[in-house]
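Chain by chain, the residues:
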Amino acid sequence: MAKSTKNAFVICLALTIVAALLVLLGWWKSLPLVILAGMLPAVAYEVYRTEGATTTLASWGIAAAIVVEAVLIIFNIQVNIMQFLGSFAASLPAVDIRMAGPVVIGVLAIMLLKRTGGMYTKWLAVVIFLAACGLFYVLDPDLFSKLFKSGLSEGAKRIPRP
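In this text the structure is predicted, and so the values were computed from the model without any measurement. Throughout, a residue's number is its position along its own chain's written sequence, starting from 1. In keeping with the predicted nature of the model, local features appear solely for residues at pLDDT of at least 70, side-chain atom pairs appear and are counted solely at 80 or more, and the whole-chain, interface and lining totals rest on all residues. Side-chain measures here rest on the full set of heavy atoms in the structure, leaving out hydrogens and waters.

Hey, could you go over a nonpolar patch on the surface for me, with residue numbers and the actual values?
A surface patch of nonpolar side chains, about 540 Å² in accessible area, is lined by L33, V67, V71, I74, F75 and I77. Its location among the elements puts V71 in helix α3 (residues 53-74). Under the relative-accessibility criterion, V71 is labelled partly exposed at 37%. In this scheme, patches are assembled from residues that exceed 30% relative accessible area and form no salt bridge. Like charges are connected within 9 Å, while nonpolar side chains (Val, Leu, Ile, Met, Phe, Trp, Tyr) are connected within 5 Å. Only the protein chains shown count as cover for residues, with accessible areas throughout obtained via the Shrake-Rupley method and a probe of 1.4 Å. We define a salt bridge as a contact between a side-chain nitrogen of Lys or Arg and a carboxyl oxygen of Asp or Glu at a distance within 4 Å. Working definition: helices are DSSP H or I runs of at least four residues, strands are E runs of at least two. Numbering for both runs from the N terminus. Relative accessibility under 20% of the residue-type maximum defines a buried residue, over 50% an exposed one, and the middle range a partly exposed one, all with a 1.4 Å probe and only protein chains included.

Dropping the structure here:
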């Protein structure tokens, strides 16, 4: 049965404001846990709102990824995930396992955005995705800028020239 949308607009607006403020604070003070805390209410409401099998799994997956990410940050667990890729990643720089959290959260948020039919769950998915981008930046600004710069240059190459 579909969830009530009676107060959903106000709730989503409040969750967006909370997430935006805490992402900005986390960015300003370089505190990734603050960004995770800002994401958590939106994720909790997303878990409540989703109903389909894949969207429910995706929203619970985001919640689990936030918990794992918090544990990695709190206990300062650092593992170079490139060492598990063997010779394929020999020329790539070291990437900490904490960088996987925002990527997983972002991918699952995109999955929610594509798979859900509700306006409010789509809204929350966008909020979660943008917060995950903010988390990725705070965890490693250099890697973020490298990826962003290469993405922009690749996108610029694909723009048709008149």
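How would you explain the packing of aromatic side chains if you had to name every residue and give the values?
Pairing of aromatic side chains here covers Phe, Tyr and the six-membered ring of Trp, requires ring centres within 6.5 Å, and sorts the geometry by plane angle: under 30 degrees stacked, over 60 edge-to-face, intermediate tilted. Per the counting criterion, the structure on display carries five aromatic pairs. Ring geometry for F136 and F144: centres 6.2 Å apart, planes at 50°, overall tilted. You can call F144 partly exposed: its relative accessible area is 25%. Judged by centre distance (5.3 Å) and plane angle (85°), the ring pair of Y137 and F144 falls under edge-to-face. Note on Y137: relative accessible area 30%, which makes it partly exposed. Taken together, the aromatic side chains of F9, Y120 and W123 make up a single cluster linked through ring pairs. One residue, K29, lies across the ring of W28, its end atom 4.3 Å from the ring centre. Lysine NZ or arginine CZ positioned within 6 Å of the ring centre and within 35 degrees of the ring normal marks a charge as sitting over the ring.

Which residues make up the side chain of S59, and what are the values?
Tracing the backbone shows S59 in helix α3. S59 gets classed as buried once you look at its relative accessible area, which sits at 1%. Reaching out from S59, the side chain makes a polar contact with the side chain of T50 at a distance of 3.0 Å. For this analysis, residues touch if any pair of their heavy atoms sits within 4.5 Å. Those residues within four positions of S59 in sequence are excluded, and the remaining contacts are V43, E46, V47, T50 and L112. Think of a polar contact as two N or O atoms within 3.5 Å of one another; within protein, one of them needs to be a possible hydrogen donor and the other a possible acceptor, and neighboring residues in sequence only count if both atoms come from side chains.

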